[in-house]
Amino acid sequence: MSAPSCLFFFGVRFEVERTELALLEAKTHPLMLKAHEAGLGHYWHDFGTSEDRYYLFVGRKLAVIGVEGELGARFDADKLLDEAEEIGAKLKQADLPGDPTFWLRWQP
């Protein structure tokens, strides 16, 4: 079991059904394949909350802050805006739905 951390990600978030977890674990989920083809990253985690929801993020992981990850992260505003523009263009080119967003997500 991993230690608690916080994900910082830019992209789109998809809710994934429990029946699709095997595809996520095998890295064969169609959204993961689409992300890879577009030169994008993806991140999923069993967030273990009372929500009983699973999320797949597609875009770019900027940081994972916690005991087993980075202890901190610093981002220049211009660099973040450049990243957002580049990732947004790739998401659009890959025809992935949703509005790209900066996400912070707790991982218990």
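Residues numbered from 1 in each chain as written. Predicted model: local features only at pLDDT ≥ 70, side-chain atom pairs only at ≥ 80, totals over all residues. Heavy atoms only, no water.

## Topic: the environment of Arg 105
Part 1 of the reasoning: With respect to the helices and strands, Arg 105 occurs in strand β4 (residues 101-107).
Part 2 of the reasoning: For Arg 105, a relative accessible area of 13% corresponds to the buried category.
Part 3 of the reasoning: Along the backbone, Arg 105 and Phe 9 are 96 residues apart, and their C-alpha atoms lie at a distance of 8.4 Å. (Helix = DSSP H or I, 4+ residues; strand = E, 2+ residues; numbered from the N terminus. Buried < 20%, exposed > 50% of the residue type's maximum accessible area, 1.4 Å probe, protein only.)

## Structural notes on the nonpolar core
Note on soluble globular proteins: their nonpolar side chains tend to be buried together.
Part 1 of the reasoning: Ranked by size, the top nonpolar core spans 23 residues in total, and within it Phe 14, Leu 24, Leu 40, Leu 56, Val 58, Leu 91 and Leu 96 carry the most contacts.
Part 2 of the reasoning: Elements supplying a minimum of two residues to this core: β1 (5-16), α1 (21-25), α2 (30-37), β3 (54-66) and α3 (77-93).
Part 3 of the reasoning: The residues touching Leu 96, leaving out its near neighbours within four places in the chain, are Phe 14, Leu 31, Lys 34, Leu 40, Val 58 and Leu 91.
Part 4 of the reasoning: By size, the runner-up hydrophobic cluster in this structure holds six residues, among which are Phe 9, Tyr 43, Tyr 55 and Phe 57. (Core = buried A, V, L, I, M, F, W, Y, C linked by side-chain atoms within 4.5 Å. Contact = heavy atoms within 4.5 Å.)

## Brief notes about unusual backbone geometry
Part 1 of the reasoning: The backbone phi angle of Lys 27 is positive, close to 60 degrees, even though this residue is not glycine.
Part 2 of the reasoning: Tracing the chain through its elements places Lys 27 in the loop between α1 and α2.

## As for α3
Part 1 of the reasoning: With 17 residues, α3 extends 24 Å between its outermost C-alpha atoms, agreeing within 8% with the 24 Å of an ideal straight helix rising 1.5 Å per residue.
Part 2 of the reasoning: Those residues of α3 not exposed but buried are Leu 80, Glu 83, Ala 84, Ile 87, Gly 88 and Leu 91. One side of α3 holds all its buried residues, which, seen down the axis, span an arc of 130 degrees. Summarising the geometry of α3, the exposed residues directed more than 90 degrees from the buried face are Asp 78, Leu 81, Asp 82, Glu 85, Lys 92 and Gln 93.
Part 3 of the reasoning: Considering only its buried residues, α3 is in contact with β1, β3 and β4.
Part 4 of the reasoning: One side-chain oxygen at the N-terminal end of α3 lies 3.1 Å from the backbone nitrogen of Asp 78; it belongs to Asp 76. (Expected span 1.5 Å × (residues − 1). Arc of directions from axis to C-beta. Polar contact = N/O pair within 3.5 Å; in protein donor to acceptor, adjacent residues only side chain to side chain.)

## Some remarks on the pairing of β3
Part 1 of the reasoning: Taken across its 13 residues, β3 has 10 buried, putting it largely inside the fold.
Part 2 of the reasoning: Where β1 meets β3, 12 bridges bridge the pair, whose relative direction is antiparallel. Directly across from Leu 7, in β3, lies its bridge partner Val 64.
Part 3 of the reasoning: Here strand β2 (residues 41-45) runs beside β3; their pairing, made up of five bridges, is antiparallel. Note on β3: the bridge partner recorded for His 42 is Val 58. (Pairing = 2+ DSSP bridges.)

## Describing the pattern of salt bridges
Part 1 of the reasoning: Tallying each qualifying case throughout the model produces four salt bridges.
Part 2 of the reasoning: Notably, a salt bridge pairs Arg 60 with Glu 83, separated by 2.6 Å at the nearest N-O pair. With Arg 60 in strand β3 and Glu 83 in helix α3, this pair connects stretches of sequence that are 23 residues apart.
Part 3 of the reasoning: Taking relative accessible area as the criterion, Arg 60 reaches 22% and is therefore assigned partly exposed.
Part 4 of the reasoning: Accessibility expressed as a relative area gives 14% for Glu 83, which makes it buried.
Part 5 of the reasoning: Here Arg 60 and Glu 86 are joined by a salt bridge, their closest N and O atoms 3.1 Å apart. Taken together, the residues span a long stretch of sequence, with Arg 60 in strand β3 and Glu 86 in helix α3 at a distance of 26 residues. (Salt bridge = Lys/Arg side-chain N within 4 Å of Asp/Glu carboxyl O.)

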